[in-house]
Each structure stands twice: as structure tokens, then as C-alpha cells.
Amino acid sequence: MSDSQPQEPFHSPRSGRGEGGGHGPAHGPSQSPSRSRGHLPDHDPDHGHPHGQQHGHSLGHDHAAAAEATTLLLAGARLTDGRTVDVRLSGGRIQAVGTAGSLPAPALSRVDLGGYLLLPAPAEPHAHGDTALTADGEGPVSYTPDEVQRRATEAALLQLGHGATAVRSHVRIGDVHGLGPMEAVLQARRSLRGLTDLTTVAVPRLLTGVAGADGLAMLRDAVKMGASVIGGCPDLDPDPTGFLEAVLELADEHGCPVDLHTDGDDPGRLARLAAMAGGLRPGVSIGPCGGLSRLPLDVAARAADQLAAAGVRVTCLPQGDCAALERRGLRTAPVRLLRAAGVRVTAGSGALRDAGNPVGRGDPLEAAYLLASQGGLRPGEAYESISSAAREAMGLPEVRVEAGFPAELLAVRGDRIAGVLSLAYSRIVIHRGRVVARTSAVREYCDSAVAVALDLPRQGRTEPGP
């Protein structure tokens, strides 16, 4: 993978200085021409209100309208089928795809993607923005609203830089912190509008018995506040079945999707979940389900068949379990077995430098890399688990590099998915039709005969270095 080409400046076409830096639309993209089947999209009560920010500046109606009207040309991009094309974006969608040089556009609204592979952008189905970036802190973790909002915002931007233009963040509620963390992450979501789509999962600790009554009341309040998804960990409740009943009943009442933490090591519990969740229309996801890998093969296969029949999705965490389970699984979910049974499997990043994984990167491409290198999936299948499968699990419109689809795209230097998953250094992230993040890697080698002979990719200095 060559990183020898210089990177273009990251400027706004609105200012006449270059491409990709203008303010994004405050309103979400319109309906995809080929909507993914499954549950309803994550609910967003603030959808359509221009609360987003970029670099500290509020997005107003004028900026949003200007961004919607901006046309951006992605020139010379390589697609996974080997074609080299130009892609024109407008109004947050892909307007046209044509052979290289066939789609004229203003010069200042052009991004040269020569040497890049253009892909549907990843989505992050399993993040923990409220606890992210706490592993290195001294003393107890602060859960003041300002601190939680700062962490959730920084985590979402880090994940955006990796390519995830949509993030589902699980947020703990209850205990001494009450609904404070949820309120803070919801505020982070509003401040990020136009840069990335952040939705929240309310995660209560207990929902049954005397102690669970408060948790259930708080869960209802979290949904009223704007939590998009109902979650939790039935494994940690004294009555796991009662926990499931409470969650599914509330989700059905409010039309919310369900996204639960479970190790998946109890086949009876999985069977009950499948039987109870089958009729819930908005959809049910569970994960990380590493315990399925520790069950006998025939038992795990039967559980996979039950989950598939009920339409329950599984979100695995190839980079390691998250702290919500309060234990570390030994293995990731049996992805090939689940896929063979017809279970829709997606991959999340889980912990981002918190107690669950102090070195977690929050990089969806690393999750795909691990599925390809250790999980037995082909590179294309592994990437699909973090892109189209993740978007479907989150109720988002399907993305293809074809006219009419949402302009949620990731360009990575390389020419094939295998190379991208191996060395995903330079990335350009496009959300709602504009460049919102750029990472440029420069590889240099010292002057040597072997480097010259092999023509290794490098960027040399114009002046001799020290």
C-alpha cells in the first residue's frame, strides 16, 4: 500500500479554498432507495434541529442549507469490483457514479482519491461513550455531566476519524449517578450533529425485585429523555427472565429497539430470549456472546438456529469484552457458526481505553481485521460486518457506492479490502456528503540502496533532515 502521494489540504468549498470543510446539514438524509430490512431506525427526538457544532461553532439554518446545496466530486476512486470511477455527491446523497473524468464539477469541490479504495462507511454498533478514555485517570472516575459529555464527544470524534459515521453508545443509568450520564451523552449527541450520528442505549443495572423498581422507573425516564434503544445485562440481574420481560415490554410499548449485553453461555436463557423476542418488530440485538464459543458445538448450533429463527442479531466484540459484563470472556462469539445458521452478525469495538480494555482503539477496521485474521471470515465478509450489517442492526439506510444512496463513505489508501484491513493508515471520512475527518500517514525510509531498488513507498524530504 503506497502512501507516497501528498495529501490535499482540508478546506471548505464554501470559502473558495478547497473541498470538504463546509458545515454539514442539520437534517438527516432522506429515505434510501433500497432500505435495509429490519427494525426501525434509532429514534432521535432532536432530529431536524440544528444543534450540531463543528470546531466550537454552532450550525445554523443558513450553514445547513448551504451544505445541502454543496456538490462534491470524488475523483479517481477505486471500487471493490476493480473499477476506477468519479463519484458526485450532492444534498447528502450520491448523485452520480461514472467513469473517471466523466463527471465534471467545480475544481474547488473536488477530492482526488487516486490510490484510495472507496467503501460504504462503517458504523459502530457497540460503544461506551460515558466510560471511554478513563483507563489512565488517577483516582475514581468522574461522572459529572461536563466530564461525561467531554469523554463521549472525544470518543465519538476518535471513532469518526477511524471511519464510523454513526455510533450507538451504551450508557449506564441508575446507582448514584442516576440519569446524569444519559443527559450528558444526549448533549454530546446534539453538539456533534452534522459531524457524526450518535445514538444512545439506556443500560440499567437491575429491573426486578425491590431494587429493580427504581431501575425500571429510571429506564422509563431515560426513554422519555431521548434514549434511542433499551439495553441492559440480564446476566447480572437475580431474575434474568424477569429482566428480559421488563425490557421487551417497555420496548414494545415505546417502539424502541433492544440491545442487550450477555455472555451467551446459558443456552436455556438464549432459548427463552429467542422465544420472547421473536415478535418485537423494532428488533433485538445481543452481544458480545463470547460464551457461545465455550458451549459444546451441537448446543451452540441449536442456540444459533433459535436466534436466527427469532431474527435476533448478534454483535460480537473481536477486540475484547467491555466492562458492562464485569468479567472478561475468553473468546469472541463463534461468528462462522452464527452466520451459517442465518444469524445477522455485526462487529463492534466495545471498550475505548476504559476498564474493559485499557488499550482499546475504537477502530471498526481493527474489528474487521480480527474477524478476517482470526475469525475465519473472508476480508469482504469481515468488512461487511462493520458496515452494511452494522447499519442494518442500527436501523440505518443501506449504503452502496451507487446513485441515490446516502453519502456515508470511507476512502482508505489501498486497492483491495484485504490491503485496507492490513494497513489502513490514510483515511478520508465522508458524512452526509462532505468530508468530516481526514487522517494522513507519511511513511519514510532512510536513504539506502535497497529502498531505492525495491521502489518502496515513501515521502522524502525536500531538504535534508537532521
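Counting of residues starts from 1 at the beginning of each chain's written sequence and follows it residue by residue. In keeping with the model being predicted, local features are shown solely for residues with a pLDDT of at least 70 and side-chain atom pairs are shown and tallied solely at 80 or more, while totals for entire chains, interfaces and linings include all residues. To obtain the side-chain values, all non-hydrogen atoms of the structure were used and water was disregarded.

Caption draft 1: The packing of helix α5 (residues 240–254) against helix α6 (residues 267–277), seen in detail. Contact pair α5 / α6: the axes reach a minimum separation of 11 Å and the direction vectors enclose 20°. Between α5 and α6, the interaxial angle falls into the category roughly parallel. In this structure, the crossing between α5 and α6 has a hand that is right-handed. Between α5 and α6, the residues in contact are P240, T241, L244, E245 and L248 and R269, R272, L273, M276 and A277, respectively. When residues are grouped by polarity, Ala, Val, Leu, Ile, Met, Phe, Trp, Tyr, Cys and Pro land in nonpolar, Asp, Glu, Lys and Arg in charged, and all others, Gly among them, in polar. For the contact of α5 with α6, the class distribution of residues is 6 nonpolar, 1 polar and 3 charged. Each axis is a line fitted through C-alpha atoms, and for a helix only the stretch in contact is used; angles between axes span 0 to 180 degrees, taken between their N-to-C directions. Per the convention used, a helix needs a DSSP run of H or I reaching at least four residues, while a strand needs a run of E reaching at least two, with both numbered from the N terminus. Should an angle fall under 35 degrees it is taken as roughly parallel, and over 145 as roughly antiparallel, whereas 65 to 115 is taken as roughly perpendicular and any remaining angle as oblique. For any pair of crossing helices, the crossing counts as left-handed if the nearer helix is rotated counterclockwise from the farther one by less than a right angle, and right-handed if it is rotated clockwise. By definition in these notes, contact holds between two residues if any of their heavy atoms fall within 4.5 Å.

Caption draft 2: Spatial organisation of the pairing of strand β13 (residues 284–288). For every residue, the accessible area (1.4 Å probe, protein chains only) is compared with the maximum for its type, and the residue is labelled buried under 20%, exposed over 50%, or partly exposed between those bounds. Of all 5 residues in β13, 5 are buried; the element is thus mostly enclosed. Here a crossover is taken to be right-handed if, once the strands point away from the viewer, the path from the first strand over the helix to the second is traced clockwise. Running through α6, the crossover from strand β12 (residues 258–262) to the neighbouring parallel element β13 is right-handed. At least two DSSP bridges between two strands are required for those strands to pair. Summarising the sheet, β13 and strand β14 (residues 313–316) pair through 2 bridges and their orientation is parallel. Bridged to S285 within β14 is R313. Note on the crossover from β13 through helix α7 (residues 297–310) to β14: the handedness is right-handed.

Caption draft 3: Broad picture of the pattern of salt bridges. In the sections that follow, a salt bridge refers to a side-chain nitrogen of Lys or Arg positioned within 4 Å of a carboxyl oxygen of Asp or Glu. Tallied over the entire structure, the rule returns 18 salt bridges. The partner of R432 in a salt bridge is D197, and the shortest N-O contact between them spans 2.8 Å. On the criterion of sequence distance, the pair formed by R432 in the loop between β17 (427–431) and β18 (434–439) and D197 in strand β10 (residues 197–203) is long-range, its members being 235 residues apart. By relative accessible area, which is 4% here, R432 ends up buried. The residue E381 makes a salt bridge to R339 at a minimum N-O spacing of 3.6 Å. Of this pair, E381 sits in helix α10 (residues 379–386) while R339 sits in helix α8 (residues 335–341), placing them 42 residues apart in sequence. According to the relative accessible area criterion, R339 is partly exposed, its value standing at 27%. Among the charged side chains, a salt-bridge network with shared partners connects R339, R344, R378, E381, E384 and E392.

Caption draft 4: Highlighting the sheet that holds β13. Taken in spatial order, the 8 strands make up an open sheet running β8-β9-β10-β11-β12-β13-β14-β15, and their pairing is parallel. Every other strand in the sheet has two partners, leaving β8 (124–127) and β15 (345–347) as the edge strands with one partner each. With strand direction ignored, the average angle separating the axes of adjacent strands in the sheet is 25°. Alignment of β10 against strand β11 (residues 229–232), held across 2 bridges, turns out to be parallel. Residue pairing across strands places V201 opposite V229, the latter belonging to β11. Contacts from helix α3 (residues 180–191) reach β9 (166–172) and β10, with the element oriented near 170° to β10.

Caption draft 5: The arrangement of a negative patch on the surface in detail. Taken together, the side chains of D239, E245, E249 and D252 define an acidic patch exposed on the protein surface. Within the fold, D252 resides in helix α5. Note on D252: relative accessible area 54%, which makes it exposed. Nonpolar side chains (Val, Leu, Ile, Met, Phe, Trp, Tyr) within 5 Å and like charges within 9 Å form the patches, drawn only from residues with over 30% relative accessible area and no salt bridge. The protein chains shown are the only cover counted for residues, whose accessible areas, like all others here, come from Shrake-Rupley with a 1.4 Å probe. Charge convention: Lys and Arg are scored as positive, Asp and Glu as negative, and His as well as the terminal groups of each chain are ignored. Taken as the charge location is NZ of Lys, CZ of Arg, CG of Asp or CD of Glu.

Caption draft 6: Local environment of the environment of A75. Mapped onto the secondary structure, A75 falls in strand β3 (residues 71–78). Sequence-wise, A75 and D112 are 37 residues apart; in three dimensions their C-alpha atoms are separated by 4.9 Å. Leaving out residues up to four positions away in the same chain, A75 has contacts with V85, D86, R110, V111, D112, L113 and G114.

Caption draft 7: How the structure looks around α5. The terminal C-alpha atoms of α5, which comprises 15 residues, lie 21 Å apart, in line with the 21 Å expected from a rise of 1.5 Å per residue. Of the residues making up α5, those classed as buried are P240, G242, F243, L244, A246, V247, L248, L250 and A251. As for α5, its buried residues are in contact with α4 (209–225), β11, β12, α6 and β13. Once α5 ends, the next one or two residues include G255, with phi positive near 70°. Take the number of residues in a helix, subtract one, and multiply by 1.5 Å to get its expected span.

Caption draft 8: Spatial organisation of the pairing of strand β4 (residues 84–90). Of all the 7 residues making up β4, 6 are buried; the element is thus mostly covered by neighbouring parts of the structure. Both β3 and β4 contribute to a ladder of 6 bridges, which runs antiparallel. Paired with L72 across the bridge in β4 is L89. Inspection of the sheet shows β4 paired to strand β5 (residues 93–99) by 6 bridges, in the antiparallel sense. Residue pairing for β5: S90 is matched across the bridge by R93.

Caption draft 9: Main features of the packing of α6 against α7. Between α6 and α7, the shortest axis-to-axis distance is 8 Å and the interhelical angle comes to 15°. Regarding the angle of α6 to α7, the classification is roughly parallel. Between α6 and α7 lies a crossing whose hand is left-handed. The segment α6 lies against α7, with P267, L270, A271, A274 and A277 engaging V299, A303, Q306, L307 and A310.

Caption draft 10: Inspection of unusual backbone geometry at higher detail. Looking along the chain, the bond that leaves G287 and enters P288 is cis, with omega of 5°. The phi torsion at L133 lies on the positive side, around 65°, for a residue other than glycine. Within the secondary structure, L133 is located in the loop between β8 and α2 (145–162). Take L133: its relative accessible area is 16%, and that puts it in the buried class. Here the phi dihedral of D175 falls at roughly 55°; this positive angle occurs in a residue that is not glycine. Relative to the assigned elements, D175 resides in the loop between β9 and α3.

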